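One-letter residues, chain by chain:
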Amino acid sequence: MNTAIHTIPTVEIAQWPSVDYAPHFAGIVEKAEVAIRRIGEIIDAGYTLSGAISFGKDSSVILVLMLEAIKRRIDAGIQVPTCYVSHSNTLVENPAMDTYTEGMLVELEAYTQRHGLPVEVVKVTPSITSSFAYSTIGRGKLPVFAGASRACSIDWKLRPQQKALKQILTTLQNPGDLVTLLGTRFSESATRGNNMRGRGENATDLVPTEGGGYTCSVIAEWEVTDVWELLMACEGRRNGPYRTYVEDFSWCLELYKDANEGLCAIITGDGGNRASCGSRHGCWNCTSTGDRDKSMEAMIDSAPEKHGHLDGVNQLRNFLIQTRWDMSRREILGRKVSEAGHFGVGPTNYSADMRRELLRYLLTLDVLEEERAEAHDAAMFRGDITDGGLEMIQSLRGITFQHITPKQLIAIDFAWSLSHGFGHAFPALREWYEIRVLGKRYPIPPLNAVQKSGVPAMCWYPIPEGEGPAYEEGLQDAFIAAANREQYPSRPPMRTIRDRYQGSPGRSCTTKKPMKWRSMRRRPRCSSRPLTKSATWCRSRSQPGTQPRST
């Protein structure tokens with residue numbers, strides 16, 4: 001799509017970096033200035049700017065270019081509308097990257113305040129119901145394994161971003177004015193390039209989105225070498241042409257080097273693999289990448305003093321892979337009802353024992369991380385840690401991850417309360433108490449991967465007449481539903497606790513005394529709680545035309 005952008009002439013705006021820079025940066029400056037001018041044209045045309053930033057190498061370049069375009073206009077005295085930087089935290093990020101992004105967010109907010117830039121940082125997280133803790137440990141939903149649709153990226157990244165952007169759109173006078181800058185590049189992979197071309201993306205055009213607004217990939221034509229060269233061009237000690245929200249990107253570079261076994265041919269220029277600093281960092285529990293998480297394993301092996309505490313996290317991820325084909329860890333469950341009135345039953349869910357086991361491992365990892373952080377901080381304040389530099393010491397300061405928060409623990413307990421296999425109340429809270437208070441620990445056992453086998457086929461069964469999904473809202477009251485059906489087989493069974501106390505909307509019936517639990521066997525003549533919308537048997541005993549007796 002070609003969208004015309006009309007630049008509004010204003011005052012003189014700097015067209016080149018304001019500092020002297022080393023000659024070898026001339027090539028990347030030329031490319032960067034083209035992107036900066038394009039971003040400036042979008043701003044001058046009245047669009048509201050947004051950047052989807054993960055603080056990886058590509059999105060960091062987008063942020064540098066975006067801030068440079070905004071700053072030049074602010075320095076020239078031009079009023080710039082509020083721009084947005086959205087960051088999505090999946091809550092299961094690689095802990096090393098999560099620590100890094102938190103530090104970058106702090107630096108970004110300080111930079112925008114220091115220079116008076118109209119930039120608002122929007123942080124989003126997935127909903128509690130779509131989180132890994134609730135969906136997999138609470139409800140038993142299987143992780144996204146290799147070969148399956150990556151629905152997790154939609155639930156954990158795309159939908160939270162879309163929700164945040166919708167909220168931003170509601171604040172704009174014209175919702176179509178939002179342009180989101182993306183760090184996607186054709187050369188990332190053949191699949192990425194084909195998808196971008198299918199959407200009509202390039203370095204200049206604005207591509208409309210389904211929810212309103214546009215996207216623009218200003219570095220679509222860049223190579224990975226251009227990305228790293230731009231990040232290096234932001235360092236003053238290298239006589240770089242740009243100054244941005246951080247003094248340098250050495251922390252980012254170190255993470256990519258560690259994920260590539262400590263090597264980075266792009267920076268050293270040794271003639272090796274020129275894409276060696278293109279390692280990808282994802283979620284620690286990502287099971288769709290294959291049998292191993294090569295980037296995390298490389299981080300642990302190449303820099304154990306910095307990333308050795310992630311070994312347990314990687315073991316748990318491998319545990320999920322090794323038990324993928326173990327059908328003894330699943331339960332037979334039916335959830336879907338077909339249009340023909342049949343429900344499907346199959347081993348598509350983790351069993352109660354498996355969910356409890358996963359919770360124990362995660363809680364144990366959380367406690368071990370707290371103990372590590374406490375010991376590290378004590379040694380740091382005593383001055384016992386001198387190796388590794390200040391940056392490494394600071395990156396290990398405090399807790400770097402917490403897999404199960406109190407909110408998630410309550411959500412897991414709620415999900416378990418609706419599932420069979422847990423023999424007492426608050427089973428998740430009990431596991432937390434035994435690990436946190438009583439000191440139990442559950443190390444992740446080494447396992448041999450269960451060989452791939454055929455998953456039992458889904459079986460479809462007809463729903464018995466009179467049964468079916470409970471369409472009423474509320475928690476199901478199994479006891480009263482069973483008692484009602486047994487006592488009055490001709491009447492629709494009560495399904496929820498709400499039925500007992502409120503009845504169905506729009507219906508009312510009174511009695512002198514409220515029904516008590518002991519009156520279940522013998523119901524009064526007129527109950528004050530109609531059971532369902534179709535329950536027409538609750539009537540007043542008065543003669544036709546008279547009013548029911550009120551209490």
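Anything mentioned here points back to the structure above.
A. Structural context of unusual backbone geometry. Backbone geometry at N239 places phi at a positive 60 degrees, although glycine is not the residue there. Take N239: it is sitting in the loop between α7 (224–232) and α8 (250–258). The phi dihedral of F426 falls on the positive side, at around 50 degrees, and the residue is not glycine. With respect to the element layout, F426 can be found in the loop between α15 (406–417) and α16 (427–436).

B. Layout of the pairing of strand β2 (residues 83–88). Within β2, 6 of the 6 residues are buried, leaving the element largely enclosed by the surrounding structure. Side chains of β2 alternate between two faces, with C83, V85 and H87 and Y84, S86 and S88 buried alike. Relative to β2, strand β1 (residues 48–52) is paired through 3 bridges, and the arrangement is parallel. Within β2, the residue paired with G51 across the bridge is V85. Crossover β1 to β2 through helix α2 (residues 57–75) is right-handed. Bridge count for β2 against strand β3 (residues 119–124) is 6 bridges, and the pairing is parallel. Paired with C83 across the bridge in β3 is V119. Viewed along the sheet, the connection from β2 through helix α3 (residues 95–115) into β3 turns out right-handed.

C. α16, seen in detail. Among the residues making up α16, those that are buried are P427, A428, E431, E434 and I435. Along α16, the residues classed as buried sweep out an arc of 125 degrees about the axis, all on the same side.

D. Structural view of the environment of Y242. Relative to the helices and strands, Y242 is located in the loop between α7 and α8. A sequence separation of 178 residues divides Y242 from V64, and the C-alpha atoms of the two residues are 8.6 Å apart. Among all residues touching Y242, those that are not within four sequence positions of it are P17, V29, A32, E33, I36, E68, R72, L230, A233, C234 and E235.

E. Expanded view of the packing of aromatic side chains. Counted under the stated rule, the structure contains 9 aromatic pairs. Ring geometry for F343 versus Y461: centroids 6.1 Å apart, planes at 35 degrees, classification tilted. One end of the pair, F343, is in strand β8 (residues 342–350); the other, Y461, is in strand β9 (residues 459–462), with 118 residues separating them in the sequence. Judged by its relative accessible area of 27%, F343 falls in the partly exposed class.

F. Looking closely at a nonpolar patch on the surface. On the surface, F426, L429, W432, Y433, V437 and L438 cluster together into a nonpolar patch covering about 610 Å² of accessible area. Relative accessible area serves as the criterion here: at 32%, W432 is assigned to the partly exposed category.

G. Here's a closer look at the environment of P443. Structurally, the position occupied by P443 is in the loop between α16 and β9. Owing to a relative accessible area of 65%, P443 belongs among the exposed residues under this scheme. When the C-alpha positions of P443 and L365 are compared, they lie 8.5 Å apart, and in sequence the two are 78 residues distant.

H. Focus on the sheet that holds β1. As summarised here, the arrangement of the 6 strands in space is β3-β2-β1-β4-β6-β5, forming an open sheet in which the pairing is mixed. Since the sheet does not close on itself, it has two edges, and those belong to β3 and β5 (207–208), each with one partner.

I. Quick peek at the state of the cysteines. For the coordinates displayed, the defined rule picks out 0 disulfides. No disulfide involves C152; its nearest neighbouring cysteine sulfur is the one of C286, lying 6.2 Å away.

J. Focus on the packing of α2 against α7. Two elements in contact, α2 and α7, have axes separated by 10 Å at closest approach and are oriented at 55 degrees. Regarding the angle of α2 to α7, the classification is oblique. You can see that α2 and α7 cross each other, and the crossing is left-handed. Residues K57, D58, S60, V61 and V64 of α2 form the contact with α7, whose own contacting residues are V224, V227, W228, L230 and L231.

K. Fine view of the sheet that holds β9. The 3 strands are arranged β7-β8-β9 in an open sheet whose pairing can be described as antiparallel. Strands with a single pairing partner mark the edges of an open sheet, and in this sheet they are β7 (330–337) and β9. Each adjacent strand pair in this sheet contributes to an overall mean axis angle of 40 degrees, direction not counted. The sheet contact formed by β8 and β9 spans 4 bridges and is antiparallel. The partner of G344 across the bridge, within β9, is W460. Each of β7 and β8 touches helix α13 (residues 352–382); the most contacted strand, β8, lies at about 35 degrees to it.

L. Representation of the pairing of β7 within the structure. By the bridge criterion, 5 bridges tie β7 to β8 in an arrangement that is antiparallel. The residue bridging V337 from the neighbouring strand is F343, located in β8. Joining the antiparallel neighbours β7 and β8 is a turn of 4 residues, in which G341 adopts a positive phi near 85 degrees.

M. Highlighting the pattern of salt bridges. In the structure shown here, the tally under the stated rule is 31 salt bridges. One salt bridge in this structure joins K71 and D75, with 3.0 Å as the shortest N-O distance. Of the two residues, K71 and D75 both sit in helix α2, 4 residues apart, roughly one turn of that helix. Connected through salt bridges with shared partners, the residues E254, K257, D258 and K306 form a single ionic network.

Calculation rules
Residues numbered from 1 in each chain as written. Predicted model: local features only at pLDDT ≥ 70, side-chain atom pairs only at ≥ 80, totals over all residues. Heavy atoms only, no water. Helix = DSSP H or I, 4+ residues; strand = E, 2+ residues; numbered from the N terminus. Buried < 20%, exposed > 50% of the residue type's maximum accessible area, 1.4 Å probe, protein only. Pairing = 2+ DSSP bridges. Right-handed = clockwise from strand over helix to strand, strands pointing away. Arc of directions from axis to C-beta. Contact = heavy atoms within 4.5 Å. Phe/Tyr/Trp six-rings, centres within 6.5 Å; stacked < 30°, edge-to-face > 60°. Patch = residues over 30% accessible without salt bridge, like charges linked within 9 Å, V, L, I, M, F, W, Y side chains within 5 Å. Areas by Shrake-Rupley, 256 points an atom, 1.4 Å probe, with all protein chains shown as cover. Salt bridge = Lys/Arg side-chain N within 4 Å of Asp/Glu carboxyl O. Disulfide = S-S within 2.5 Å. Axes fitted to C-alpha atoms, helices over the stretch in contact; angles between N-to-C directions. Parallel < 35°, antiparallel > 145°, perpendicular 65-115°, else oblique. Left-handed = near helix turned anticlockwise from the far one by under 90°.

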